[in-house]
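Residue-level listing of the chains:
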Amino acid sequence: MTKKTILTGDRPTGRLHIGHYIGSLKNRVKMQDEGIYDTNIMIADMQALTDNAKNPEKIQKSIVEVALDYLAVGLDPEKSTIFVQSQIPALSELTMYYLDLVTVSRLERNPTVKNEIQQKEFGQSIPAGFLTYPVSQAADITAFKADLVPVGDDQEPMLEQTREIVRSFNHTYNQDVLVEPQGIFPPKGQGRLPGLDGNAKMSKSLNNAIYLADSADELQKKVMSMYTDPNHIRVEDPGQVEGNTVFTYLDVFAPDKEEVAKLKEQYQAGGLGDVKVKRYLNEILQAEFEPIRKRREEFAQDVPAIYEMLKQGSQKANVVANQTLQEVREAIGVNYF
Ligand code: TRP
């Protein structure tokens, strides 16, 4: 039996945070280590440029940051091909062919793109590349004939759109060149880690994130500043655990679920202070992220080695993507000579 293929990645617009870790990185490391998949991890710099064309330095810097975050959490170039999107020319050509199979109104209805367009306040000036990035994402996925795409919950519409393109392509050109991918999502209820401020989403732009690269001090400060129950003023007051970020994090990260249940009970009854719960959460997060931070610091000592790793990964990725592009050209019939 041939191995199933994984293709996934992130936009390099800054460092990765613990929301990424819960939302997708953990799944990717686990799947990589199972050793039964052909694993490809892409740093999507062209996708990042779709709304950062005037700020390429930010993307350039973030490529190294994201690569360090990958290595820090345990993605391993010995087991996975880690590469950079812009270094794979076949992806751009595939995107051009796929754009002809998608309507503008379909792209405007893509829920993820729609949300992001609202958030980013483009007004009348939506970059065409931004509106069409789901098509380029379909090129990323299909170039590797990926079966599985481990990503955060917010990426489901991208997979839906990719599957539509695959079906349309295979039907239109009467071939079964392309493969329909399936998303791999985090366990139920753990899909989205809220921000420190209680906002449903942790994100760089909301300034409410804990980064994998944060120092022990920064991490502690952030935990101590977390949003809890605004009506829980005195220790003896009964407090709410629903929508209380500290307890949401404990549900996700605490290994000892019984202890969490006990703390919740105490908190709801009154008599348990925020500071105490936060200290408990801080200990748990420090234990989880200290080894990751340490590894990150070690890898950061040798940035040229990071570029070399990405270069080799990109060379490998080019071989696969070029092969698919060849098949796509033949299917369409643009292999004239
Ligand atoms: N859209 C993803 C993000 O928001 C990044 C990405 C680009 C991606 N191409 C991909 C993810 C292909 C999975 C598969 O970060």
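Residues numbered from 1 in each chain as written. Predicted model: local features only at pLDDT ≥ 70, side-chain atom pairs only at ≥ 80, totals over all residues. Heavy atoms only, no water.

Undergrad: Can you help me understand the environment of Glu65 in this one?
TA: Its location among the elements puts Glu65 in helix α3 (residues 56-73). Along the primary structure Glu65 and Leu16 are separated by 49 residues, whereas in three dimensions their C-alpha atoms are 7.9 Å apart. Excluding residues that lie within four positions of it along the chain, Glu65 makes contacts with Gly14, Arg15 and Arg296. (Helix = DSSP H or I, 4+ residues; strand = E, 2+ residues; numbered from the N terminus. Contact = heavy atoms within 4.5 Å.)

Undergrad: Sorry, what's going on with the site of the ligand here?
TA: The ligand sits among 14 residues. The nearest are Arg11, Gln47, Gln137, Asp140 and Gln155. Between a nitrogen atom of the ligand and a side-chain N or O atom of Asp140, the distance comes to 2.8 Å. Here a nitrogen atom of the ligand and a side-chain polar atom of Gln155 are 3.0 Å apart. Relative to its free-state accessible area of 370 Å², the ligand is covered by the protein chains to the extent of 94%. Secondary-structure elements contributing two or more residues to the shell around the ligand are β1 (4-10) and α8 (133-143). Residue contributions to the shell around the ligand peak at four residues, all from β1. Split by residue class, the shell around the ligand holds six nonpolar, five polar and three charged. (Near = heavy atom within 4 Å. Polar contact = N/O pair within 3.5 Å; in protein donor to acceptor, adjacent residues only side chain to side chain. Areas by Shrake-Rupley, 256 points an atom, 1.4 Å probe, with all protein chains shown as cover. Nonpolar A, V, L, I, M, F, W, Y, C, P; charged D, E, K, R; others polar.)

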